[in-house]
Amino acid sequence: MNNVLLLPSLQRFSVGKILCLGQNYAAHAKEMGSPGAELPVIFLKPSTAIIQNGADILIPPFSNNVHHEVELTLLIGAEGKNIPESNAFDYIAGYGIGLDMTMRDLQLEAKKKGNPWAVAKGFDTSAPLSDFVEKVSDPHALEMSLSVNGERRQHSSTAAMILTIPQIIAYVSANFTLERGDVIFTGTPEGVAQVHRGDIIDAAIAGVGTLHHRVWQ
Ligand code: MG
């Protein structure tokens, strides 16, 4: 179990499950060779995958290709099931920035074999998470970026999401009961790429937060 902080109220939330959307940005789906036009896939990470801003991201010894994915994250504030889009924002306690670190080699192997992504997506340190903020100006117009060693690799806006935030809450809660402390990763834009030992990752979502991590193993 891991805790996250909500600002400015300083409430602490114990994170239950981490629900993630795969391919919720068309340009990223394309770079992954996916046809698109399907509902984004849902996968989970364990809460033990969370690290706080500044902690090292550890590449597991059984992967040779770990990728960064910068994502807007949602902190759930109340329990709900089959939440209608019209009420979705009532269930969101805050907004954060997260990295969906991915062992791409293991994920591609799992895709080929029809196996789940649990290992490829849920390893320890695979979910760096910022503090959450209660209010943002417009969650569908947030500039997001990620650089490695000062070189920009991802730069987009939450405006490019395929499912909007209310649609995400409705879709995810149709499949899983949401509880206080759950976190949703809303998908990454294009530009995902490999990181190596010693790399420094800096990521930001305007008005939400920043992350700074060293990659190590
Ligand atoms: Mg992702």
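Everything in this summary refers to the structure shown in the same document. (Residues numbered from 1 in each chain as written. Predicted model: local features only at pLDDT ≥ 70, side-chain atom pairs only at ≥ 80, totals over all residues. Heavy atoms only, no water.)

### Concerning the coordination of the magnesium ion
Around a metal, the ideal angle is 109.5 degrees if four donors adopt a tetrahedral arrangement and 90 or 180 degrees if six donors adopt an octahedral arrangement. The coordination sphere of the magnesium ion contains the protein donors E69 (OE), E71 (OE) and D100 (OD), at a distance range of 2.0 to 2.1 Å. Since its relative accessible area comes to 4%, E69 is described here as buried. Classification of E71 by relative accessible area gives buried; the value is 0%. (Donors = N, O, S within 2.8 Å, 3.2 Å for Na, K, Ca; no water. Buried < 20%, exposed > 50% of the residue type's maximum accessible area, 1.4 Å probe, protein only.)

### Describing the pairing of strand 1 (residues 2-7)
The side chains of a regular strand alternate between the sheet's two faces. Across five bridges, strand 1 lies against strand 2 (residues 11-15) in antiparallel orientation. Across the sheet, L6 pairs through a bridge with Q11, a residue of strand 2. Where strand 1 folds back onto strand 2 in an antiparallel hairpin, the turn is made up of three residues, including L10, whose phi is positive at roughly 65°. Bridge count between strand 1 and strand 12 (residues 132-133): two bridges; the pairing is parallel. (Pairing = 2+ DSSP bridges. Helix = DSSP H or I, 4+ residues; strand = E, 2+ residues; numbered from the N terminus.)

### Considerations on empty space enclosed by the protein
By rolling a water-sized probe across the atoms, one finds the places where empty space is left. For the structure shown, the criterion picks out one cavity of 30 Å³ or more. A volume near 70 Å³ is recorded for the largest cavity. For the largest cavity, the lining is made up of 13 residues, of which G22, H28, E69, Q107 and K121 are closest to its centre. No other element matches the three residues that helix 2 (residues 104-113) contributes to the lining of the largest cavity. Classifying every residue of the lining of the largest cavity gives four nonpolar, five polar and four charged. (1 Å grid on protein atoms, 1.4 Å probe; cavity = no way out; pocket = protein on both sides within 12 Å on 5 of 7 lines; lining within 4 Å. Points joined across faces, edges and corners; volume = space filled by probe spheres on them. Nonpolar A, V, L, I, M, F, W, Y, C, P; charged D, E, K, R; others polar.)

Keep in mind that these numbers describe shape and distance, not what the molecule does.
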